[in-house]
Amino acid sequence: MTYTQPQIKPQDVKVKILLAGGHQCTITLKSDAPLLHNLVKTLVDRTQQNPGFPTLFQIPIDEGRSALCFPSEHLVGLVTEPPIYLAQLQPPQPEVPVEIPPEIPLEIPIIPAHVNDDLISRYAQIENFLTASEKNKLIKYVLAKESEFVSTSTSTKAEDYRRSMVLHSFPEFSQLMINRIKAILPDVLRKLNLPSFSVGDIEAQLTLHNDNNYYKLHNDSGSPETATRFFTYVYYFNREPKAFTGGELQIYDSKIENNFYVAADSFKTVEPRNNSIVFFLSRYMHEVLPVSCPSKAFADSRFTINGWVRRTD
Ligand SMILES: O=C(O)CCC(=O)C(=O)O
Ligand SMILES: [Fe+2]
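Conventions adopted
- Per chain, the residues get numbers from 1 upward, laid out in the order the sequence is written.
- Labels follow written order: the first chain is A, the first ligand is 1, and so on.
- Side-chain atom pairs in this predicted model are given and counted only at pLDDT of 80 or more, local residue features only at pLDDT of at least 70, and totals for whole chains, interfaces and linings cover all residues.
- Excluded from the side-chain calculations are hydrogens and water; all other atoms, namely the structure's heavy atoms, are used.
- We call an atom a donor if it is N, O or S and sits within 2.8 Å of the metal, or 3.2 Å for Na, K and Ca. Water is not counted, so some sites may look partial.
- Helix and strand assignments come from DSSP, with helices taken as H or I runs of at least 4 residues and strands as E runs of at least 2, each series counted from the N terminus.
- Any helix carries an expected span of 1.5 Å times its number of residues minus one.
- Relative accessible area decides the class of each residue, using a 1.4 Å probe on protein chains only: under 20% of the type maximum gives buried, over 50% gives exposed, and in between gives partly exposed.
- Directions pointing from the helix axis toward each C-beta atom define the arc.
- Only heavy atoms enter the contact rule, under which two residues are in contact if any of them lie within 4.5 Å.
- A cutoff of 4 Å decides nearness: a residue is near a molecule or strand if any of its heavy atoms lies inside that distance of it.
- Definition of a polar contact: a pair of N or O atoms within 3.5 Å, with one able to donate and the other able to accept a hydrogen when the atoms are protein atoms, and with sequence-neighbouring residues admitted only if both atoms are side-chain atoms.
- The Shrake-Rupley method, run with a 1.4 Å probe, gives the accessible areas here. Residue values count only the displayed protein chains as cover.

Caption draft 1: Local environment of the coordination of the iron ion (ligand 2). Within the first shell, the iron ion (ligand 2) binds the protein through His-218 (NE2), Asp-220 (OD) and His-286 (NE2), at distances of 2.1 to 2.3 Å. Spacing between the donor residues of the iron ion (ligand 2) along their common chain follows H-x1-D-x65-H.

Rendered as structure tokens:
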């Protein structure tokens, strides 16, 4: 776990702002400008049927001699130059590709792909990942392994960064998990609208969070040894009835500061639901909120099998 982020060179982007009523205005922004991010976010929120917070854009134009002001609801599209295309979020994939007759001029909102893809975090959560019988066997197995769990928080300098326990070797289940992940990966990529990639090693560890355990903000791919981690997966399981609260996974959107990705203020919250698995890009900043487990019993913990899918290129 480290906090180094990949470096990105900002570039000039010519942005034509299309407003309701056919008005438009062209400005030039750096690709990492917060204004560009906000414009893009306004559109992306709308495509996700998530109207977001209405804001008033106030954009200096004519070298600061005038200002363009408009409410965010009036933004209908952006045309960017260079023409980098938007990878659409959650598109309803048509069975047959739709042909657009070339003679019809279309002004399709085009958003630099890196702004969209890099700044808005997406995840996929799949319920009932194991069969009931597999999950029950897994719980039984884990309860018999209590003495083999070791603390994750002893060796690092950032002593208070992480509190949890880990079981590194569990061959009876790690291979099952890895096989299932390989099998479901194409669906996950489709769901997240990501291109397929050449899959390398898949790692797996078994962790638990008990009372007042947590894992503060981090990413999973920021060091040379972890740089090829592409996807993080977390499979959640616990005894029923569930005897802990908290322990939500928060996945942060990104923003760019001094050419580095850092966590934005916005995030998505994932409930650690029994027998569900979540997938997200390993470079996203994320954290595990503190768990409250009043009994403090090992068997009442928030258990996970989690790990990483590496890419070979
Ligand atoms: O337990 C979780 O929800 C996430 C764990 C995590 O972020 C990690 O092990 O790197
Ligand atoms: Fe993580």
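That was the structure; now back to the text.
Caption draft 2: The arrangement of helix α3 (residues 132–143) in detail. With 12 residues, α3 ought to run about 16 Å at 1.5 Å a step, and its terminal C-alpha atoms sit 17 Å apart, in line with that. The complete set of buried residues in α3 reads Glu-134, Lys-135, Leu-138, Ile-139, Tyr-141 and Val-142. Here the buried residues of α3 occupy an arc of 160° about the axis, which is enough to place them on one side. Turned more than 90 degrees away from the buried face of α3 sit Ala-132, Lys-137 and Lys-140, all of them exposed. Of the surrounding secondary structure, the elements contacted by the buried residues of α3 are α4 (171–191), β11 (205–209), β13 (229–237) and β20 (302–311).

Caption draft 3: Up close: the site of ligand 1. Taken together, 13 residues lie near ligand 1, and His-218, Tyr-236, His-286, Arg-302 and Asn-306 sit nearest. Between ligand 1 and the protein, one listed contact pairs an oxygen atom with a side-chain N or O atom of Tyr-236 at 2.8 Å. Contact distances for ligand 1 include 2.8 Å between an oxygen atom and a side-chain N or O atom of Arg-302. Here ligand 1, which alone exposes 300 Å², has 97% of that area covered by the protein.

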